[in-house]
Amino acid sequence: MKKVNLRFVLILVGVLVGGIVGVYFLHRFQVTRNAGSLAKLARAKLSEGKNGEALTLFSRYVAYRPDDKEAYAEFAGLVLDRAEAPGATRNDVARAYGVLETAVRRNPDDDSLRQRLATFQMRIGRFGDAREHLQVLRAKAAGQEAAPLTRDPESAADGDQATDDKPLDQTQLDLLLARSWAGTGEFEEAATLASDLIGFDLQTKQFDSDRKPAADSTDAFVLLAAILQEKFEDPGTADKVLAELVKANARDPKAWLALARWHRQRGNLAAAKQDVAQASQLDADNLETVLAGFEIALAEKDFAAAQKLIDRGTALAANDERIIRAAAVLALQRQQPEEAVKVLDAGLDAMPRNTSLLLMLADALLQTNQIPRVSQTIGTLKEVLGAASPAVGLLEARVLITEQRWLQARQKLDRVRPLVAGSTELTRQVDLYLGQCHEQLGEFDEQLEANRRVLSDDPTSLAARVGAASALIAGGKPDDALQEFEIVANAIPRERLPAIPQVWNPLLQLRVAAQMKRPPADRDWSGIDDLLDALQESADISDAQIAMLRADVLVRKGEAAAAAQLLATASEANPQDPQLVAALATLALRDNDPDKARKALATAPKEIADTASLLLMEAQLAARAQADDAARQLDAIEVRAAALPADQAGRVLSALASVRLGLGQPDAAERLWKQALEKAPDDPRLRWTLFELARERSDLEAMRSLSADIAKSTGPTSPQARVAKASTLIQAVREAQKKKLVKDQTILELSAADRQAIDEARNLLIEAENDRPGWAQVQQLFADIAGLRGDLPAAIDHLQRASRMGPPNPAIIRQLVGLLYASNRFDEAEQAIARLGPEGIGGFERITAEMELRSGNIDEAVALAQKSVSSDSKNAGELLWLGQLLSRSGKA
């Protein structure tokens with residue numbers, strides 16, 4: 001039996017243990033060395049102004065060295081800076097709260113850090129938590145008054161965190177504490193503390209003549225006055241407190257400025273102006289006084305006075321961020337964004353990493369369409385704020401909007417919106433931009449929802465009201481839209497209205513449409529003529545524009561000859577304006593005179609003949625020609641359209657596709673829409689149009705391909721992607737059903753595979769409906785599912801919902817009327833047809849004839865029936881139905 005070499009085993013174990021220990025200590029040494037380099041690099045980035053990178057490096061360092069209290073305090077300060085920067089997110093705020101709490105626990109003697117935490121907690125509404133820290137500091141301040149603290153040299157030598165030798169400000173702490181009591185609704189305690197600071201007796205409502213207010217207690221006066229007026233409903237005593245403020249501090253400009261802020265916040269601009277004047281008399285060189293005066297001058301639109309104050313402030317402190325921002329704001333108010341850019345560039349030369357100036361510069365550059373410089377500024381902001389900053393994301397979205405890349409802009413804004421939930425102002429901005437994107441993408445339901453979110457928070461927002469009204473127009477609710485636009489127009493001075501076409505243009509059209517609904521004898525054109533007069537008085541509207549607007553109104557009034565003469569005169573004066581030529585041709589088509597329209601187009605000079613508006617007019621004329629001529633003309637227009645800029649070419653090609661489809665040429669329409677998509681690859685509406693065409697043609701392979709394309713461009717979980725996939729599944733079931741049907745059979749039992757496909761489609765539609773509850777397409781597909789299941793009442797219900805979600809859709813109403821008629825719900829079918837108006841009856845003659853006969857209107861029923869069946873029809877079913885109706889009508 002072999003013996004174990006014990007000595008060898010012990011040596012081997014020793015070597016292994018030694019190796020493991022060595023590796024451990026080597027690893028610790030490497031980690032320590034690397035961590036130290038992280039802290040060094042973080043401070044270097046901080047000195048370069050790259051706070052975002054410094055924050056990331058400090059975050060990694062404190063993960064390795066959590067015992068480094070000094071570094072953790074630096075890290076906490078950076079985290080707090082991020083939370084207090086423009087565009088901070090809820091996550092930034094939550095992170096700052098936790099990190100600061102930890103930093104204070106690790107540095108309990110760092111009074112400035114504790115006070116900063118308390119102030120931050122109050123800013124985010126955590127008044128009770130802040131009070132705990134303030135009371136610690138207040139007790140310490142009382143101890144300092146009794147025996148000032150000194151730093152222990154031995155403790156410092158031992159490496160302990162140094163205490164702050166600067167005494168705590170008792171007055172400031174008491175004021176913060178008073179605010180914390182007010183923040184938690186304990187106004188008696190807050191008022192008592194504020195009163196004590198200024199020597200006021202709450203019981204007698206008198207000031208103690210023997211007591212002087214504490215130094216720097218101006219804010220205590222204002223806080224007490226606010227509590228008295230707003231919480232104790234004692235404005236008289238509040239006025240007494242404010243009077244004492246400027247009496248006790250008559251020579252202190254800070255007191256007068258505090259009073260000015262009080263008056264300004266309550267809308268008393270005149271009193272605020274007087275207060276600032278008093279402060280200026282005391283110290284004209286006080287920068288705070290200059291800025292306060294500037295704000296009032298700006299509010300009064302007194303740009304000359306504002307400029308003088310800016311010049312004064314620049315002489316006092318040329319590199320003060322507030323003066324630079326004020327100068328830029330004044331330039332923007334004067335509609336001089338180029339000047340604002342110059343001001344901000346100069347400021348950033350002195351402060352190259354200033355966040356507020358960088359954000360203002362990006363905004364001014366966007367207004368001047370300097371996109372490359374905007375991108376450069378965004379790059380700098382990413383270094384300062386971090387790439388994930390919502391302020392950066394919002395700017396990137398605005399660049400996409402400027403470039404008319406609406407889909408990408410909407411997707412970017414959708415990602416930014418949850419990040420700005422803690423900021424009402426930023427959320428409002430995001431929603432306004434989302435509304436613009438939804439409008440350009442044809443998503444009027446989402447456009448309306450986005451603008452209504454803004455209005456729910458700020459009912460005075462004219463931009464949101466205009467956006468909501470525009471969505472109501474697109475949604476087929478002109479009366480509601482007119483009410484909104486009237487509210488907006490009334491809020492805008494008459495002389496400013498012509499400069500805002502987003503308001504006056506739809507307002508004019510809606511006023512005209514409202515009058516056209518009335519009987520001719522009851523129409524009142526005064527509001528329309530008054531608006532046209534206001535537009536004509538403005539330099540913002542050209543003579544050609546006003547001529548086209550007046551001509552359109554004259555046509556509605558029944559004065560077509562006068563309209564034609566007006567347009568002809570304007571066209572002679574402005575021969576290079578393609579819009580006037582198009583208007584003349586349109587007027588001729590209204591009179592059903594295509595030859596006259598062609599003559600109008602022939603007058604266009606060669607250099608404007610190929611503009612988009614005239615090519616679109618030619619396409620309308622070509623559609624009225626004989627088949628061979630129409631094809632030839634449309635081919636020629638297509639060649640000329642290809643030479644246009646991409647956005648205009650895409651618009652013309654898309655219109656040509658619609659014309660081709662109307663002429664019964666779906667293959668040509670598909671080809672043209674694909675060409676339009678090549679010109680505008682970011683337009684999801686073109687993809688959706690191609691998808692709908694494939695669905696109408698029952699082309700499942702094309703539907704699947706386009707569905708995948710839609711999911712790729714809009715995102716796999718977008719409502720569009722889900723609806724496209726659901727529609728494809730439903731169409732597949734419908735096609736499978738068609739193959740199984742035999743003669744005279746109308747419906748089949750669904751197979752297990754069919755039911756599974758329908759269930760999947762229904763789940764997709766539910767998810768899409770959650771995201772877009774106002775999208776009619778979703779309800780139409782729910783109706784298709786109900787129809788496949790043989791549930792006609794449910795199908796009718798969904799189609800009725802769909803018909804109420806937007807402008808009258810002939811396809812939806814035709815489907816609805818067919819189901820209502822089959823269910824003997826004739827009254828509802830008649831109401832549905834009526835939604836299309838007098839021009840929309842085409843395709844419903846047989847159903848309408850049946851309903852007219854049922855109502856006893858025999859002559860109308862017969863006329864409609866005979867109109868629906870051509871005189872040379874060879875269709876036995878049509879002829880049999882017509883004969884039966886004539887028989888029931890007594891027309892033997």
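How each quantity is defined
Residues numbered from 1 in each chain as written. Predicted model: local features only at pLDDT ≥ 70, side-chain atom pairs only at ≥ 80, totals over all residues. Heavy atoms only, no water. Core = buried A, V, L, I, M, F, W, Y, C linked by side-chain atoms within 4.5 Å. Buried < 20%, exposed > 50% of the residue type's maximum accessible area, 1.4 Å probe, protein only. Helix = DSSP H or I, 4+ residues; strand = E, 2+ residues; numbered from the N terminus. Contact = heavy atoms within 4.5 Å. pLDDT = per-residue confidence, 0-100. Axes fitted to C-alpha atoms, helices over the stretch in contact; angles between N-to-C directions. Parallel < 35°, antiparallel > 145°, perpendicular 65-115°, else oblique. Left-handed = near helix turned anticlockwise from the far one by under 90°. Phe/Tyr/Trp six-rings, centres within 6.5 Å; stacked < 30°, edge-to-face > 60°. Lys NZ or Arg CZ within 6 Å of the ring centre and 35° of its normal. 1 Å grid on protein atoms, 1.4 Å probe; cavity = no way out; pocket = protein on both sides within 12 Å on 5 of 7 lines; lining within 4 Å. Points joined across faces, edges and corners; volume = space filled by probe spheres on them. Nonpolar A, V, L, I, M, F, W, Y, C, P; charged D, E, K, R; others polar. Expected span 1.5 Å × (residues − 1). Arc of directions from axis to C-beta.

**What to know about the nonpolar core**
The nonpolar side chains of soluble globular proteins are, as a tendency, buried together.
Inference 1: The biggest cluster of nonpolar side chains holds 50 residues, and the ones touching the most others in it are V652, L656, V723 and L765.
Inference 2: In this structure, V241, L245, W256 and I296 belong to the second largest nonpolar core, which totals 46 residues.

**Focus on the side chain of D754**
Inference 1: Positionally, D754 belongs in helix α39 (residues 752-771).
Inference 2: Contact partners of D754, with chain neighbours within four places excluded, come to V733, A736, Q737 and K740.

**So, the confidence of the model for the chain**
Note that predicted coordinates carrying low pLDDT should not be read in detail.
Inference 1: Overall, the predicted model of the chain reaches an average pLDDT of 85, with 90% of residues at or above 70.
Inference 2: Confidence over residues 148-164 falls short of pLDDT 50; this stretch has 16 contacts with residues more than four positions distant or in other chains.

**A closer look at the packing of helix α12 (residues 253-265) against helix α14 (residues 287-299)**
In helix packing, the relevant descriptors are the interaxial angle and the interaxial distance, both defined with respect to the helix axes.
Inference 1: Interhelical geometry of α12 versus α14 gives an angle of 25° and a closest axis separation of 10 Å. Taken as axis vectors, α12 and α14 run roughly parallel relative to one another. By crossing handedness, the relation of α12 to α14 is classed as left-handed. Taking contact as the criterion, the partners of P253, L257 and R264 in α12 are, on α14, E288, T289, A292, E295, I296 and A299.

**A short note on the packing of aromatic side chains**
Inference 1: Counted by the stated rule, this structure contains 4 aromatic pairs.
Inference 2: Taken together, a centroid distance of 6.2 Å and an interplanar angle of 25° make the contact between F207 and F221 stacked. With a gap of 14 residues between them, F207 in strand β2 (residues 206-207) and F221 in helix α10 (residues 218-231) connect regions that are remote in the sequence.
Inference 3: When the ring of W688 is compared with that of W775, the centres are 5.6 Å apart and the planes differ by 50°; the resulting orientation is tilted. With a gap of 87 residues between them, W688 in helix α36 (residues 684-696) and W775 in the loop between α39 and α40 (776-788) connect regions that are remote in the sequence.
Inference 4: Taking relative accessible area as the criterion, W688 reaches 15% and is therefore assigned buried.
Inference 5: Here the aromatic residues F200, F207 and F221 are joined through ring pairs into a cluster of three or more.
Inference 6: When the ring centre of W262 is taken as reference, the NZ or CZ atom of R266 above it lies at 3.4 Å.

**Topic: the layout of surface pockets**
Inference 1: Taken as a whole, the second largest pocket holds about 950 Å³ of empty space.
Inference 2: Along its surface, the second largest pocket is lined by 24 residues, and L432, Q436, A463, V466 and Q502 are the ones closest to its centre.
Inference 3: Of all elements in the fold, only α20 (390-402), α22 (424-440), α23 (444-457), α24 (462-474) and α26 (501-516) reach the threshold of two or more residues within the lining of the second largest pocket.
Inference 4: Broken down by element, the residue count for the lining of the second largest pocket peaks at 6 residues, all from α22.
Inference 5: Grouping the constituent residues of the lining of the second largest pocket by class yields 12 nonpolar, 9 polar and 3 charged.

**Concerning helix α17 (residues 337-350)**
Inference 1: In this model α17 runs 20 Å from its N-terminal to its C-terminal C-alpha over 14 residues, within 8% of the 20 Å that 1.5 Å per residue would give.
Inference 2: Every buried residue of α17 is listed here: P337, A340, V341, V343, L344, G347 and L348. Buried positions in α17, seen along its axis, are confined to an arc of 165° and lie on one side of it. Those residues of α17 that are exposed and aimed more than 90 degrees away from the buried face are K342 and D349.
Inference 3: Looking at the buried side of α17, the elements it contacts are α16 (321-333), α18 (355-367) and α19 (371-385).

**As for the packing of helix α21 (residues 406-416) against α22**
Inference 1: Across the interface, α21 lies against α22 with an axial gap of 9 Å and an inter-helix angle of 150°. What the angle tells us is that α21 and α22 run roughly antiparallel. Classified by chirality, the crossing of α22 by α21 is left-handed. Taken together, the residues of α22 that come into contact with α21 (itself represented by W406, A409, R410, L413, D414 and V416) are V430, Y433, L434, Q436, C437, H438 and Q440.
Inference 2: Its residues placed into classes, the contact of α21 with α22 shows 8 nonpolar, 3 polar and 2 charged.

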